[in-house]
Amino acid sequence: MASRLWASKAASYLKISTFNRGFASVVKDLKYADSHEWAKIDGKTATIGITDHAQDHLGDVVYVELPEVGTAVTQGNGFGAVESVKATSDINSPVSGKVVQVNEELSSSPGLVNGSPYENGWIIKVEMSNTDEVKSLMDSDQYSKFCEEEDNH
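Values in this document were obtained by computation on a predicted structure and should not be read as measured data.

What counts, and at which threshold
Residues numbered from 1 in each chain as written. Predicted model: local features only at pLDDT ≥ 70, side-chain atom pairs only at ≥ 80, totals over all residues. Heavy atoms only, no water. Helix = DSSP H or I, 4+ residues; strand = E, 2+ residues; numbered from the N terminus. Buried < 20%, exposed > 50% of the residue type's maximum accessible area, 1.4 Å probe, protein only. Contact = heavy atoms within 4.5 Å. Areas by Shrake-Rupley, 256 points an atom, 1.4 Å probe, with all protein chains shown as cover. Salt bridge = Lys/Arg side-chain N within 4 Å of Asp/Glu carboxyl O. UniProt positions renumbered as here; feature names shortened; annotations may be inferred. Patch = residues over 30% accessible without salt bridge, like charges linked within 9 Å, V, L, I, M, F, W, Y side chains within 5 Å. Lys, Arg positive; Asp, Glu negative; His and termini not counted. Charge placed at Lys NZ, Arg CZ, Asp CG, Glu CD. Pairing = 2+ DSSP bridges. Axes fitted to C-alpha atoms, helices over the stretch in contact; angles between N-to-C directions.

1. Section: the overall build of the protein chain
A tally of helices and strands in the protein chain yields 5 helices and 11 strands. Here the protein chain, with 153 residues, has 43% of them falling under the buried criterion. Counting contacts in the protein chain only where the partners sit at least 6 residues apart, residues at least 24 apart contribute 64% of the total. Total accessible area computed for the protein chain in this model is approximately 8400 Å², and 47% of it derives from carbon and sulfur atoms.

2. Overview of the pattern of salt bridges
Under the defined criterion, the tally for this structure stands at 2 salt bridges. Among the ionic pairs, Lys28 bridges to Asp141, the shortest N-O distance being 3.8 Å. Pair noted here: Lys28 is in the loop between strand S2 (25–27) and strand S3 (31–32) and Asp141 is in helix H5 (residues 140–151), with a separation of 113 residues, a long-range link. A residue is classified by how much of its surface remains accessible, and Lys28, at 32% relative accessible area, is partly exposed.

3. Remarks on the UniProt feature "modified residue: N6-lipoyllysine" (unreviewed entry) in the protein chain
With numbering aligned to this structure, UniProt lists the feature "modified residue: N6-lipoyllysine" (unreviewed entry) at Lys86. Position of Lys86 among the secondary structure elements: in the loop between strand S8 (78–84) and strand S9 (88–92). The contact partners of Lys86, leaving out residues within four places of it in the chain, are Asp56, His57, Leu58 and Gly59.

4. Description of a nonpolar patch on the surface
A cluster of nonpolar residues, Val62, Tyr63 and Val85, forms a patch on the protein surface that exposes about 300 Å² of accessible area. Counting through the fold element by element, Val85 comes out in the loop between S8 and S9. On the accessibility criterion, Val85 (61% relative accessible area) is exposed.

5. Points about unusual backbone geometry
Peptide bonds are, in most cases, trans, and in most cases residues other than glycine have a negative phi. The phi torsion at Asp29 lies on the positive side, around 75°, for a residue other than glycine. At His36, a residue that is not glycine, the phi angle is positive and equals roughly 75°. Position of His36 relative to the elements: it lies in the loop between S3 and strand S4 (37–42).

6. Focus on a negative patch on the surface
A surface patch of negative charge is lined by Asp34, Glu148, Glu149, Glu150 and Asp151. Look at Glu149 and you get partly exposed, because its relative accessible area is 44%.

7. Here's the deal with the sheet that holds strand S6 (residues 61–65)
Pairing in this open sheet of 3 strands is antiparallel, and the strands run S6-S8-S9 from one edge to the other. In this open sheet, the two edge strands, each paired with only one partner strand, are S6 and S9. This sheet shows a mean twist of 25° between the axes of neighbouring strands, independent of strand direction. Both S8 and S9 contribute to a ladder of 5 bridges, which runs antiparallel.

8. Things to note about the sheet that holds strand S5 (residues 45–50)
One open sheet holds the 6 strands; their spatial order is S3-S4-S5-S11-S10-S7, and the pairing between them is antiparallel. One side of each edge strand has no neighbouring strand; the edge strands of this open sheet are S3 and strand S7 (72–73). The pairing of S7 with strand S10 (residues 97–102) spans 2 bridges and is classified as antiparallel. Residue pairing in the sheet places Ala72 in a bridge with Lys98 of S10.

Structural data, given as structure tokens:
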């Protein structure tokens, strides 16, 4: 609970718009895939990570498998994996393009995915090959509803 409070205060300080769904936060202005990855779009570049919902279900992350810079990624296909104390889960790319940067911090501090999934826990940055793919992703309201429906099944 203290970490949620800290995250809320940090988001407020950083002027990040968030809202709680009870146990996990969803950030407005991001786009979401149904496989629980988020994308922050900046022109033709997308910063990608896993959602708070996903990390909450995974538990403590102990290892993140990162692709190499220059690797081609395709929307909906895997590019790496997150290993936690509970399970290993593939990470799918919400957009297609070329990896232009990876978060090297995750090699020594994989827990950033848990503690800061939308900021310090980002995984890769992709130069998108087709910006129209973003239209197929969910906004924060759609993603929140998707998570609620998924959790109720």
